[in-house]
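Structure assessment
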Amino acid sequence: MRIVFAGTPGFAVPCLRAAAERGEVVGVYTQPDRPSGRGRQLAASPVKAEAIALGLPVFQPLNFKSVAAREQLRQLQPDLMVVVAYGLILPQSVLDIPRMGCWNVHASLLPRWRGAAPIQRAIEAGDSQSGVCLMQMEKGLDTGPVLLSLATPISADDTGGTLHDRLSQLGAEVLADGLKLLRAGMRSLVVPQPDEGVTYAHKLDKAEARLDWSQPAAALANRVRAFNPWPVAEAELAGERLRIHDARAIALAHGRPPGTVLAATREGLDIACGEGALRLRQVQREGGRPMPVADYLNARPALKSP
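Here the structure is a predicted model, which means the values were calculated and not measured.

Let us look at the packing of aromatic side chains. In total, this model carries 2 aromatic pairs according to the counting rule given. Residues Tyr29 and Phe59 carry aromatic rings whose centres are separated by 5.1 Å and whose planes lie at 25 degrees to one another, so their mutual orientation is stacked. Taken together, the residues span a long stretch of sequence, with Tyr29 in strand 2 (residues 24–29) and Phe59 in strand 5 (residues 58–59) at a distance of 30 residues. With a centroid separation of 5.5 Å and 40 degrees between ring planes, the pair formed by Tyr29 and Phe64 is classed as tilted. Of this pair, Tyr29 sits in strand 2 while Phe64 sits in the loop between strand 5 and helix 3 (67–75); the two residues are 35 residues apart in sequence, bridging distant segments of the chain. The same class applies to Tyr29 as to Phe64, namely buried. One aromatic cluster is present, built from ring pairs that chain together Tyr29, Phe59 and Phe64.

This is the structure in structure tokens:
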């Protein structure tokens, strides 16, 4: 089975390995090298680095608008194209090239959280579970029928980072299962997505990271977890801007203005919210590194509770 793989970030790397184990990967498509780091040197994507390590040919077109780019893909004679966080919306002219179409591994339980940031939006919304779907691609954004899926609970300690890593591995599992069935001549039960329950996971914006203390503490705690490790929640506190890496909501009737420091102990820094309080447990000062609140209070002893 001749497979073309298309992906870019680290999330897609386990899926690339699964594809290489279950079929003949005849080409790997990934985004062009981008400037990275303080020196802004061009850097290969994680998928490109893995493809080179596996000895696979790499292709990096800007898009598939040109006839030449589509013809290059056609000459690979793919039976199947597997797309995982590639970063481009593929036109129908590309979806029609592989003999068996295109599959996509998507990090949500469709139709919930179609779009760019399903992992973070699930945590931000307080969802109790997430998962991955193996989907037959069509022209619409994440609208195709689901072939296979795997679910996982979202714990109170999950962050955008921990859920990302878990779903990355589950994505490789669901892809391997689908390829195993295909190689055996069996087709998964194709399930069209229902019209009910459709939600969109809009791309993250750094401006969303600023916390508003007038909101409920539970909503802010979810946002802190969702935006870790990027873009990282931040807030103004006692005249200083802090990035907040870890926080928990406390059910507390305080009657104080939002943003008031209610308590400051080694257990955390409790901030009044529109409803309840948010206990900050790990923070980062401008120009500094993340630190436990106990270390932060040592640097700002005036905040400590008596």
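For the rest of this paragraph, the subject is the pairing of strand 12 (residues 233–237). Counting buried residues along strand 12, 4 of its 5 residues qualify, which places the element largely inside the surrounding structure. Relative to strand 13 (residues 240–250), strand 12 is paired through 5 bridges, and the arrangement is antiparallel. Paired with Glu236 across the strands is Arg241, a residue of strand 13. Once strand 12 ends, the chain turns through 2 residues before running back antiparallel as strand 13, passing Ala238 with a positive phi of about 50 degrees.

Geometrically, the link from Leu110 to Pro111 is a cis peptide bond, its omega value of 15 degrees lying close to zero. When you line up the elements, Pro111 lands in the loop between strand 7 (102–106) and strand 8 (114–115). In this structure, Pro231 follows Trp230 across a cis peptide bond, with omega equal to 5 degrees. For Val232, which is not glycine, the phi torsion reads 75 degrees and is therefore positive. Positionally, Val232 belongs in the loop between helix 7 (217–226) and strand 12. Its relative accessible area of 5% is what places Val232 among the buried residues. In this structure, Ala238 takes a positive phi of about 50 degrees despite not being glycine.

Glancing now at the environment of Pro61. For Pro61, the position within the fold is in the loop between strand 5 and helix 3. Of the residues examined, Pro61 reaches a relative accessible area of 13% and is grouped as buried. Distance from Pro61 to Gln72, taken between C-alpha atoms, is 10.0 Å for residues 11 residues apart in sequence. Sequence-distant contacts of Pro61, that is, excluding residues within four places in its chain, are made with Tyr29, Pro32, Ala69 and Tyr86.

All right, on to the sheet that holds strand 5 then. Two pairing modes exist for strands in a sheet, parallel and antiparallel, and in both the strands are linked by backbone hydrogen bonds. Taken together, 7 strands build an open sheet; the order of strands is 5-2-1-6-7-9-10 and the sheet is mixed. The open sheet has two free edges, formed respectively by strand 5 and strand 10 (146–153), since each of these has just one partner strand. Here strand 2 pairs with strand 5 via 2 bridges, running parallel. Paired with Tyr29 across the bridge in strand 5 is Phe59. Along the sheet, helix 1 (residues 13–22) makes contact with strand 1 (2–7), strand 2, strand 6 (80–84) and strand 7, crossing strand 1 at roughly 175 degrees. Here helix 6 (residues 160–183) sits on the sheet in contact with strand 1, strand 6, strand 7, strand 9 (129–136) and strand 10, set at roughly 150 degrees to strand 10.

About the criteria used
- Residues numbered from 1 in each chain as written.
- Predicted model: local features only at pLDDT ≥ 70, side-chain atom pairs only at ≥ 80, totals over all residues.
- Heavy atoms only, no water.
- Phe/Tyr/Trp six-rings, centres within 6.5 Å; stacked < 30°, edge-to-face > 60°.
- Helix = DSSP H or I, 4+ residues; strand = E, 2+ residues; numbered from the N terminus.
- Buried < 20%, exposed > 50% of the residue type's maximum accessible area, 1.4 Å probe, protein only.
- Pairing = 2+ DSSP bridges.
- Contact = heavy atoms within 4.5 Å.
- Axes fitted to C-alpha atoms, helices over the stretch in contact; angles between N-to-C directions.

Distances and angles like these do not, on their own, reveal function.
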